[in-house]
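Structural overview
Chain residues, written in single-letter form:
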Protein chains: 2
Amino acid sequence: MGDYATFAAFVTHDDIARVSSQTAAPRSNSLAGESAAMRAFQETREHGYDYVCVPLTRPAWHERWKRMCVENAGDVDGGGEGDRGGFKEEEWEGEGEREAEGEKEKARRDQHAAVEAEAEMWRKQPHFLHDEVTMTRLDEAEGVIGVVSDWLTLDSSDDWVRHDSEIALHQEIAYASYLNIQTVVLPPPRNREHVASYARAVNECLKRVSYMKFSVQLPIYDPAAFQQKETPRLRSGSTVTLASTLSETPPSTPRLLIPGNDFPLRPKKTRASERELNATWEMWDVIRSVCDYSPRLTLTLDLAPPLPLNPTLLGRWSAEPVQNVLLPTSTFIANAKGYPVLPKGTQTFLKDNMKHRPTVLLSGTKLGLHGKGGEAAYAQYVRHLEKTSPIAQASRKAGSVENFAQGYQDFLQAPLQPLMDNLQSATYETFEQCPVKYINYEEAICRALLDWPESDRIVICVAGAGRGPLVARSLKAIERSRRTAHIIAVEKNPNAYVTLQDRQRREWGASVQLVYGDMRQITVPEQADILVSELLGSFGDNELSPECLDGAMRFLKPDGISIPSSYTAHLAPLSSTKLYNEARQGGELKSLETPYVVMFQNVNVLSGNGGGLRGKCGPAIQECWTFEHPRKDATLDERGLPPTNSHNIRAANLSFYIPHAGILHGLAGYFEAVLYGNIGLSIHPQRKDQISKDMLSWFPLFFPFKEPLYLPSNSELQVSIWRLTNERQVWYEWYAESFLPVLNVAPRAGDPVLETVSASASTASFFASPTTHVAVPSPLIDAIDPASPPFFVREDEEAAKYGAVKVGQSALHNAGGRSSWIGL
Amino acid sequence: MGDYATFAAFVTHDDIARVSSQTAAPRSNSLAGESAAMRAFQETREHGYDYVCVPLTRPAWHERWKRMCVENAGDVDGGGEGDRGGFKEEEWEGEGEREAEGEKEKARRDQHAAVEAEAEMWRKQPHFLHDEVTMTRLDEAEGVIGVVSDWLTLDSSDDWVRHDSEIALHQEIAYASYLNIQTVVLPPPRNREHVASYARAVNECLKRVSYMKFSVQLPIYDPAAFQQKETPRLRSGSTVTLASTLSETPPSTPRLLIPGNDFPLRPKKTRASERELNATWEMWDVIRSVCDYSPRLTLTLDLAPPLPLNPTLLGRWSAEPVQNVLLPTSTFIANAKGYPVLPKGTQTFLKDNMKHRPTVLLSGTKLGLHGKGGEAAYAQYVRHLEKTSPIAQASRKAGSVENFAQGYQDFLQAPLQPLMDNLQSATYETFEQCPVKYINYEEAICRALLDWPESDRIVICVAGAGRGPLVARSLKAIERSRRTAHIIAVEKNPNAYVTLQDRQRREWGASVQLVYGDMRQITVPEQADILVSELLGSFGDNELSPECLDGAMRFLKPDGISIPSSYTAHLAPLSSTKLYNEARQGGELKSLETPYVVMFQNVNVLSGNGGGLRGKCGPAIQECWTFEHPRKDATLDERGLPPTNSHNIRAANLSFYIPHAGILHGLAGYFEAVLYGNIGLSIHPQRKDQISKDMLSWFPLFFPFKEPLYLPSNSELQVSIWRLTNERQVWYEWYAESFLPVLNVAPRAGDPVLETVSASASTASFFASPTTHVAVPSPLIDAIDPASPPFFVREDEEAAKYGAVKVGQSALHNAGGRSSWIGL
């Protein structure tokens with residue numbers, strides 16, 4: 001199965017200094033030529049880490065930059081605001097005053113001008129001095145994840161600080177590129193108001209260095225959301241960055257690390273609003289949208305803040321490109337024996353995210369924060385979580401979809417068109433591997449036989465026999481039910497028909513009669529009591545089962561049984577950066593117009609149950625339409641065929657409740673079929689385990705959207721989807737609109753509904769106070785989940801308080817993916 | 001100047017029947033071979049109409065369609081819902097019962113099956129019978145605008161009625177295409193819930209007939225918005241369509257047509273909410289979005305309902321492709337002399353929309369609704385409005401921008417790059433035509449000279465002299481101010497430099513000294529007291545004035561004067577279907593990444609004044625940034641040039657209030673410059689007339705967006721725009737996010753603010769009761785305008801009630817349009 005996580009350890013300047021201060025390398029003479037940095041990295045790798053994570057620059061660079069770009073700007077006009085150079089115009093007024101200017105003032109101005117000239121020279125040709133960088137040699141930088149200076153404020157409210165930060169960013173990226181570093185971690189965005197400037201700067205990096213990967217460090221939420229509003233929030237200069245994590249000294253009282261204890265000095269809230277918890281994701285969304293979903297842009301999720309227990313709020317990260325997971329050892333708590341373990345919420349989240357195959361970045365392993373286990377205990381514990389993660393467990397289990405589908409996750413396949421194309425034997429082979437599907441077919445046929453009036457000669461017709469799996473199952477069902485039955489097997493694939501003849505001679509004999517040809521054209525020797533077919537696609541009707549069975553219904557006696565007797569298509573709105581990028585990479589204009597078959601992994605279903613604020617939405621996964629066989633009261637021509645395909649059009653208008661803000665990238669399509677009675681087949685995520693557990697034959701369908709659509713928290717998504725047909729083809733078209741409920745009337749004061757649409761009026765820098773992840777609030781904090789029962793079990797009059805404002809729409813998707821249905 | 005409006009008249013089946021019943025054509029024997037339809041159309045054209053507007057089908061077709069597709073569906077199962085064929089499964093249960101079925105019932109079923117078979121044959125091969133169509137001959141259909149059957153309900157809530165309506169639609173379109181009809185009018189959408197299905201059907205028409213124009217009939221608002229809520233609204237089957245307009249008998253009491261009188265039987269509201277008045281536009285937006293802004297899709301605006309007086313709400317139609325304007329004569333009221341005139345609101349709207357060059361569709365001119373003027377009075381009155389329309393008046397006025405810019409409206413031009421390209425003499429000629437600009441320059445130079453200390457030798461340097469207009473103006477200013485001054489004229493265009501030498505010899509003599517070369521490289525013989533330049537673009541700095549003047553500042557004495565002394569860029573969010581399509585048609589991927597110079601016409605500025613619900617937004621048109629010359633305290637190298645261009649970067653973060661829902665297609669860019677003192681140049685729409693009225697030199701800039709962004713009513717638009725630079729280029733990048741204010745806290749009951757975000761809870765068919773435009777409510781009805789003062793002059797505590805939810809975002813625009821700034 002292999003491992004899911006790789007590991008990286010942070011190496012600090014102190015770590016390197018410590019190695020440097022040691023005398024000649026102790027282990028081997030061959031190390032003598034290595035630098036202190038290399039020896040420090042080597043030591044880390046010997047502890048089993050795949051990568052080391054190292055700051056690109058040293059404090060000396062920060063000092064020089066601050067002197068040139070921050071302190072000098074503030075020196076004369078005292079704020080750094082306004083035009084570069086910083087002198088207020090008024091200071092120049094008055095010829096006489098200027099001459100009277102004191103010596104000291106003149107010296108100060110000369111000094112200012114000199115530093116400004118130095119800064120301009122730097123801006124013109126940015127370069128480092130030797131003691132300003134951590135690494136200088138190509139061999140030092142091998143296997144290194146570079147960490148960009150965390151003090152760069154690309155989203156500063158000060159135009160000039162922001163601009164000089166960007167120049168410095170490009171300088172660091174260029175230097176990392178010189179050292180052939182493949183991945184860099186960017187400092188977290190801190191200021192919602194100017195996050196677009198941060199994003200634009202990152203986009204510029206992506207354009208300038210065409211191979212490098214950029215990973216944005218980001219906490220899952222702003223820890224300040226759990227502080228009392230009375231606490232003043234700092235505007236900038238405070239971070240949850242790697243560097244501050246590393247330089248933070250461990251708290252003297254270890255009880256702060258124990259869950260359930262509040263930080264004694266600053267009271268914390270234990271609940272935060274949806275909006276507050278959304279803030280960091282909303283910034284990430286701006287960044288990746290501005291960077292047009294570059295596949296080289298990933299996330300380094302900072303798990304230092306305690307995670308909310310609400311799983312729906314964390315689900316959104318499943319749809320994002322989480323490359324790295326940052327775990328400072330201060331996030332760990334001590335278990336009863338003193339060994340480091342993670343709080344419950346973090347455990348669950350980390351296990352769930354093993355499917356992303358993350359690199360786990362551990363920092364502070366040398367600080368000795370926990371009594372037992374030593375430096376290695378942290379990685380060992382994460383390995384333990386990996387082994388017990390859902391994905392690892394499922395993959396190990398033979399017969400599970402996860403085991404069967406290794407390597408197919410998030411891989412887009414064009415749906416089969418078995419009517420147009422004759423399948424290959426290998427394709428049949430793959431599908432015949434699924435035992436569950438055929439077990440259910442056998443059971444359905446068996447029950448139908450038992451329910452059917454006893455007779456000398458019951459006729460079963462297998463329409464589309466392929467290589468014969470349903471023929472074999474029909475024979476078994478006849479045997480089990482002890483009925484006298486004859487089988488007619490129809491197949492139009494001339495190649496598969498050879499296999500059928502082979503099996504008839506060697507296995508089946510006279511009880512099976514073969515008929516070659518298209519079921520919509522041929523005639524059969526006698527009408528059947530039971531018609532069995534397996535023409536279903538991932539969305540039920542998408543491989544043209546309705547059209548084929550319209551042709552085959554002539555083979556069935558007027559009150560005969562069709563297996564399947566019906567099938568229903570289902571939809572849910574989906575978010576997935578991965579699938580959006582995969583669909584786009586098709587390159588053709590039409591690659592975003594075609595539904596794909598795909599095994600979902602890095603996806604998030606955006607819809608929730610509960611009906612929404614207005615109580616008008618359906619469940620998270622909704623039915624589109626159903627096809628039944630045989631059709632009742634169909635108009636047929638003299639050949640027994642429907643004159644047009646008009647009856648097979650369908651349309652659905654679905655309303656989904658979107659509890660948490662997210663980006664709509666497409667629709668997930670599922671089917672559920674009734675074979676006979678209560679025997680069925682289902683890939684509906686919430687029902688498949690009851691109906692056909694471990695069935696491997698179908699992955700879901702993905703209907704992509706050309707442009708991502710932003711959906712606010714608590715919004716409603718209206719999806720229109722059509723199954724259309726003309727004389728030659730069948731296809732789907734789809735379209736979506738989003739709405740936001742708004743209050744119609746004044747509610748009672750204190751009505752809890754209000755809180756769910758409430759918001760902090762502040763849109764200023766949200767990245768408030770220094771992140772105090774060493775002072776862990778209770779890991780039992782939770783988000784106010786608007787989907788929790790008290791809000792939604794409400795009377796009609798409550799729901800009637802809301803109207804809805806339209807807030808967005810998609811394009812109509814219809815250009816491609818048409819299936820030809822008449823080969824006649 | 002030409003006419004703005006063309007005219008079309010409705011010809012009804014009754015009109016044709018009347019002509020048909022007359023004996024042999026009275027006027028000429030050559031008409032003998034013409035059909036009744038042709039004679040009716042000819043008669044209409046002789047009344048001066050450019051086109052006739054004719055229903056494509058006759059009532060017989062409606063009867064047949066209804067019998068096949070509506071009545072038969074409802075015959076057996078009583079509703080037409082459910083599967084085609086309509087029999088409920090239960091009806092088939094029980095072998096015995098079926099045999100006992102009565103003869104009558106069997107006959108009924110046979111009849112049903114026969115009609116269903118007929119319907120299936122129609123669906124398979126749709127065709128008309130002779131008496132079901134209005135026209136049969138190619139020559140009959142010449143100059144005809146075809147009107148699609150208004151009873152087609154493409155947005156019916158019944159799946160099968162909708163589907164059969166679409167088949168009938170394609171049948172009519174195919175027939176119109178057979179008759180070579182170029183334009184058809186489509187029935188209005190009526191059902192918000194299923195408008196996406198209507199839209200999809202229209203999109204299919206656009207694909208099937210690749211040349212035909214489709215015009216969607218639509219009232220500006222749903223007249224039902226002004227009915228009391230107690231009035232039950234019908235779900236469908238009620239229309240404001242052409243046909244009902246025509247068949248409606250005139251009211252017996254003419255007083256109903258007089259403004260100010262309420263309809264006596266049904267009380268009306270005189271105010272409706274923003275939401276109610278938005279409904280028809282919102283449906284139009286869905287239709288054109290689903291049809292991907294096809295240039296062949298236009299609007300036929302139905303002006304029958306009385307128009308609200310609120311101009312901001314009507315402004316949105318300026319941005320839409322209004323092809324036809326529908327005016328039933330019942331919309332006209334009688335003036336004091338008994339002649340037909342339009343109500344005030346309709347007058348104003350029609351005059352404003354003359355710029356669309358609409359076709360005015362008049363119906364009911366033969367009904368004799370008004371005492372005076374006869375049949376011709378309606379068109380004569382509209383011609384009168386045309387002549388007094390703002391566009392016609394402005395175009396007639398010599399020297400006005402509208403007169404100067406004939407043919408340039410909404411035409412996208414790439415901005416000039418005078419630094420990179422040497423302009424042609426014809427280009428200089430065009431710009432020198434503008435008297436206002438040079439008058440203001442002369443005035444500014446004159447005042448600067450008067451303010452400057454008297455001296456033997458004042459030096460004026462014209463940086464970028466071109467063909468010499470500023471040199472000539474400087475000489476005049478010297479003369480007017482009676483100063484002794486010398487002019488140095490610098491020009492880098494070698495071709496224009498020949499013209500300068502010519503003028504020097506012939507006109508100017510020794511008082512003007514010419515220097516050839518780039519102002520960023522050359523030296524001048526002496527430093528100037530006044531530096532005059534005209535390097536401004538539509539957005540101020542977009543033709544690289546800051547970079548050029550950085551080079552020329554060496555020519556200016558330390559406390560010398562620069563004319564212009566500063567310039568400021570301004571932005572406003574813009575909606576325009578026309579400009580969006582023009583920018584897209586560039587074809588290249590980068591055509592939506594470049595700002596364009598364009599004379600706006602079919603546009604609507606989406607932003608309003610007043611600060612928005614939260615009081616946090618700026619005015620409708622906002623300042624981005626300013627450049628000042630000379631720069632104070634600049635860091636310069638030994639040549640006197642800035643070491644980097646870093647100081648010329650700029651960024652702006654603007655917050656716009658969007659009072660009415662609309663689609664953002666781009667940003668309008670304007671500039672305002674201070675030449676000297678209070679003399680300036682401005683293309684700011686609200687200020688240009690005070691500062692530089694009738695200045696022709698600059699059209700605004702248009703920054704397009706790749707994807708239209710939906711903005712809800714009362715939303716806030718955050719626009720980020722950057723002016724960026726590297727070693728070689730200058731360019732802009734832009735990005736937008738939209739937010740919707742939501743209530744933070746429980747407001748006081750009855751707080752009027754609530755009403756502005758209130759909504760009808762009903763999302764069902766809004767197209768409620770039969771449109772009663774003959775029973776005209778007061779034309780003085782008005783929308784509740786959230787921008788009216790009482791809502792916005794509010795204290796901070798009121799604004800603090802609101803938070804904001806993000807609802808959408810654009811892509812970052814940055815791929816193209818970079819101006820090279822170093823030719824050094």
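Residues numbered from 1 in each chain as written. Chains lettered and ligands numbered in written order. Predicted model: local features only at pLDDT ≥ 70, side-chain atom pairs only at ≥ 80, totals over all residues. Heavy atoms only, no water.

You'll find chain A entered in an unreviewed UniProt entry as Protein arginine N-methyltransferase, with Coniophora puteana given as the organism. Quoted straight from UniProt, the Sequence similarities (unreviewed entry) entry for chain A says "Belongs to the class I-like SAM-binding methyltransferase superfamily." (UniProt positions renumbered as here; feature names shortened; annotations may be inferred.)

1. Re the overall build of chain A
Secondary structure summary: chain A contains 24 helices and 29 strands in total. Out of the 824 residues in chain A, the part that is buried amounts to 62%. Put simply, 84% of the contacts in chain A that link residues at least 6 apart link residues at least 24 apart. (Helix = DSSP H or I, 4+ residues; strand = E, 2+ residues; numbered from the N terminus. Buried < 20%, exposed > 50% of the residue type's maximum accessible area, 1.4 Å probe, protein only. Contact = heavy atoms within 4.5 Å.)

2. A look at the sheet that holds strand 16 (residues 556–563) of chain A
All names here are of chain A. One open sheet holds the five strands; their spatial order is 14-13-12-15-16, and the pairing between them is parallel. Only two strands of the sheet have a single partner each, and these edge strands are strand 14 (512–516) and strand 16. Pairwise comparison of adjacent strand axes, ignoring direction, gives a mean angle of 25 degrees for this sheet. Relative to strand 14, strand 13 (residues 485–491) is paired through five bridges, and the arrangement is parallel. Paired with Glu-491 across the bridge in strand 14 is Tyr-516. (Pairing = 2+ DSSP bridges. Axes fitted to C-alpha atoms, helices over the stretch in contact; angles between N-to-C directions.)

3. Looking at the sheet that holds strand 14 (residues 512–516) of chain B
All names here are of chain B. In spatial order, the strands read 14-13-12-15-16; together these five strands make up an open sheet with parallel pairing. If you trace the sheet from one side to the other, it starts and ends with strand 14 and strand 16 (556–563), each paired once. Within the sheet, the average angular offset between the axes of one strand and its neighbour, ignoring direction, is 25 degrees. Lying on the sheet, helix 18 (residues 494–508) is in contact with strand 13 (485–491) and strand 14; it crosses strand 14 at an angle near 165 degrees.

4. With respect to the domain arrangement of chain A
Residue and element names in this part refer to chain A. Each assigned domain of chain A is listed here: domain 1 (6–58 + 133–394), domain 2 (65–79 + 94–129), domain 3 (425–534) and domain 4 (567–741 + 807–823). Domain 3 puts twelve residues into the contact, and the matching count from domain 4 is 18 residues. A buried area of about 1,200 Å², summed over both sides, lies between domain 3 and domain 4, and 63% of it is on carbon and sulfur atoms. Scanning the region where domain 3 abuts domain 4 turns up four residue pairs in polar contact (both at pLDDT 80 or more). A per-element tally of the side of domain 3 that touches domain 4 places helix 16 (residues 435–451) first, with nine residues. The residue makeup of the side of domain 3 that touches domain 4, split by class, is six nonpolar, one polar and five charged. (Domains from an automatic or database assignment. Buried area = accessible area lost by both parts, 1.4 Å probe. Polar contact = N/O pair within 3.5 Å; in protein donor to acceptor, adjacent residues only side chain to side chain. Nonpolar A, V, L, I, M, F, W, Y, C, P; charged D, E, K, R; others polar.)

5. Focus on the packing of aromatic side chains
All names here are of chain B. Applying the stated criterion across every chain yields a total of 42 aromatic pairs over all chains. With a centroid separation of 5.5 Å and an interplanar angle of 75 degrees, the aromatic rings of Phe-128 and Tyr-175 are classed as edge-to-face. Note that Phe-128 is positioned in the loop between helix 5 (103–124) and strand 3 (144–147) and Tyr-175 in helix 6 (residues 159–178), a separation of 47 residues in sequence. Here the two residues Phe-128 and Tyr-175 agree in accessibility, since each one is buried. (Phe/Tyr/Trp six-rings, centres within 6.5 Å; stacked < 30°, edge-to-face > 60°.)

6. Notes on the confidence of the model for chain A
Residue and element names in this part refer to chain A. Mean pLDDT over chain A works out to 82, with 80% of the residues at or above the 70 mark. A low-confidence stretch, residues 229–267 stays under pLDDT 50, and its non-local contacts, those more than four residues away or across chains, total 79 contacts. Across residues 745–796, confidence stays below pLDDT 50; counting only partners more than four residues off in sequence or on other chains, it has 167 contacts. (pLDDT = per-residue confidence, 0-100.)

7. Some details on the packing of helix 16 of chain A against helix 17 (residues 469–481) of chain A
Residue and element names in this part refer to chain A. Contact pair helix 16 / helix 17: the axes reach a minimum separation of 8 Å and the direction vectors enclose 45 degrees. Considering their axes alone, helix 16 and helix 17 lie oblique with respect to each other. The element helix 16 and its partner helix 17 pack so that their crossing is right-handed. Contacts between helix 16 and helix 17 involve Pro-435, Tyr-438, Ile-439, Tyr-441, Glu-442, Glu-443, Ile-445, Cys-446, Leu-449 and Leu-450 on the former and, on the latter, Pro-469, Leu-470, Arg-473, Ser-474, Lys-476, Ala-477, Ile-478, Arg-480 and Ser-481. Residues belonging to the contact of helix 16 with helix 17 are distributed by class as follows: twelve nonpolar, two polar and five charged. (Parallel < 35°, antiparallel > 145°, perpendicular 65-115°, else oblique. Left-handed = near helix turned anticlockwise from the far one by under 90°.)

8. Things to note about the UniProt feature "active site" (unreviewed entry) in chain A
All names here are of chain A. Feature annotation in UniProt places "active site" (unreviewed entry) on Glu-534 and Glu-543, given in this structure's numbering. By the secondary structure assignment, Glu-534 is in the loop between strand 15 (528–533) and helix 19 (545–552). With residues near it in sequence (within four places) discarded, Glu-534 still touches Lys-437, Tyr-438, Tyr-441, Ala-463, Pro-469 and Leu-470. Here the side chain of Glu-534 touches Lys-437 through a polar contact of 2.7 Å, side chain to side chain. By relative accessible area, Glu-543 is classed as buried at 15%. Ignoring any residue separated from it by four or fewer positions in sequence, one finds Glu-543 in contact with Leu-416, Pro-418, Leu-535, Leu-536 and Gly-537.

9. Examining the pattern of salt bridges
Counting across every chain of the model gives 91 salt bridges over all chains. Here A:Asp541 ties to A:Arg723 by a salt bridge, and the two come within 2.6 Å at their closest N and O atoms. On the criterion of sequence distance, the pair formed by A:Asp541 in the loop between strand 15 and helix 19 and A:Arg723 in strand 25 (residues 715–725) is long-range, its members being 182 residues apart. Of the two residues, A:Asp541 and A:Arg723, both sit in the buried class. Connected through shared salt-bridge partners, A:Arg192, A:Glu282, A:Asp285, A:Arg288, A:Glu320, B:Glu737 and B:Lys806 make up one network. (Salt bridge = Lys/Arg side-chain N within 4 Å of Asp/Glu carboxyl O.)

10. Structural notes on the state of the cysteines
All names here are of chain A. Using the criterion set out here, one finds zero disulfides over all chains in the structure. Here Cys-548 is not cross-linked by a disulfide; its sulfur's nearest cysteine counterpart is in Cys-461, at 13 Å. Its relative accessible area of 5% is what places Cys-548 among the buried residues. Cys-617 forms no disulfide, and the closest cysteine sulfur to it belongs to Cys-624, at a distance of 15 Å. (Disulfide = S-S within 2.5 Å.)

11. Structural notes on the pairing of strand 2 (residues 51–55) of chain A
The two faces of the sheet receive side chains in turn, since in a regular strand these alternate between them. Residues and elements named next belong to chain A. With four of its five residues buried, strand 2 lies for the most part within the structure. Across three bridges, the pairing between strand 1 (residues 6–10) and strand 2 is parallel. Looking at strand 2, one finds that Phe-10 is bridged to Cys-53. The sheet contact formed by strand 2 and strand 3 (residues 144–147) spans four bridges and is parallel. The residue bridging Val-54 from the neighbouring strand is Gly-146, located in strand 3.

12. Some remarks on unusual backbone geometry
Residue and element names in this part refer to chain B. With an omega of 5 degrees, the peptide bond running from Ile-563 to Pro-564 counts as cis. With respect to the element layout, Pro-564 can be found in the loop between strand 16 and strand 17 (566–575). Of the consecutive residues His-629 and Pro-630, the connecting peptide bond is found in the cis state with omega at -5 degrees. Turning to its location among the elements, Pro-630 is positioned in the loop between strand 20 (622–628) and strand 21 (650–658). The backbone of Asn-714 sits at a positive phi, close to 65 degrees, despite the residue not being glycine. Relative to the helices and strands, Asn-714 resides in the loop between strand 24 (701–711) and strand 25 (715–725).

13. Re the side chain of B:His647
Residue and element names in this part refer to chain B. With respect to the secondary-structure elements, His-647 resides in the loop between strand 20 and strand 21. Residue class for His-647 comes out buried when judged on its relative accessible area of 2%. Looking at His-647, its side chain comes within polar contact range of the main-chain oxygen of Thr-644, at 3.3 Å. Polar contacts involving the side chain of His-647 include one to the side chain of Asn-648, which spans 3.4 Å.

14. As for the environment of B:Gln521
Here B:Gln521 shows up in the loop between strand 14 and strand 15 (528–533). With a relative accessible area of 47%, B:Gln521 lands in the partly exposed category.

15. Some details on helix 1 (residues 13–21) of chain B
Residues and elements named next belong to chain B. Residues His-13, Asp-15, Ile-16 and Val-19 constitute the buried set of helix 1. Within helix 1, the buried residues cover an arc of 160 degrees as seen down the axis, which keeps them to one side. Within helix 1, the exposed residues directed more than 90 degrees away from the buried face are Asp-14 and Ser-21. (Arc of directions from axis to C-beta.)

16. Details of helix 12 (residues 377–387) of chain A
Along helix 12 of chain A, the residues that are buried comprise A:Ala377, A:Tyr378, A:Ala379, A:Tyr381, A:Val382, A:Leu385 and A:Glu386. Buried positions along helix 12 of chain A lie against strand 1, strand 8 (322–328), strand 10 (340–341), helix 11 (344–352), strand 11 (359–363) and helix 13 (390–396) of chain A.

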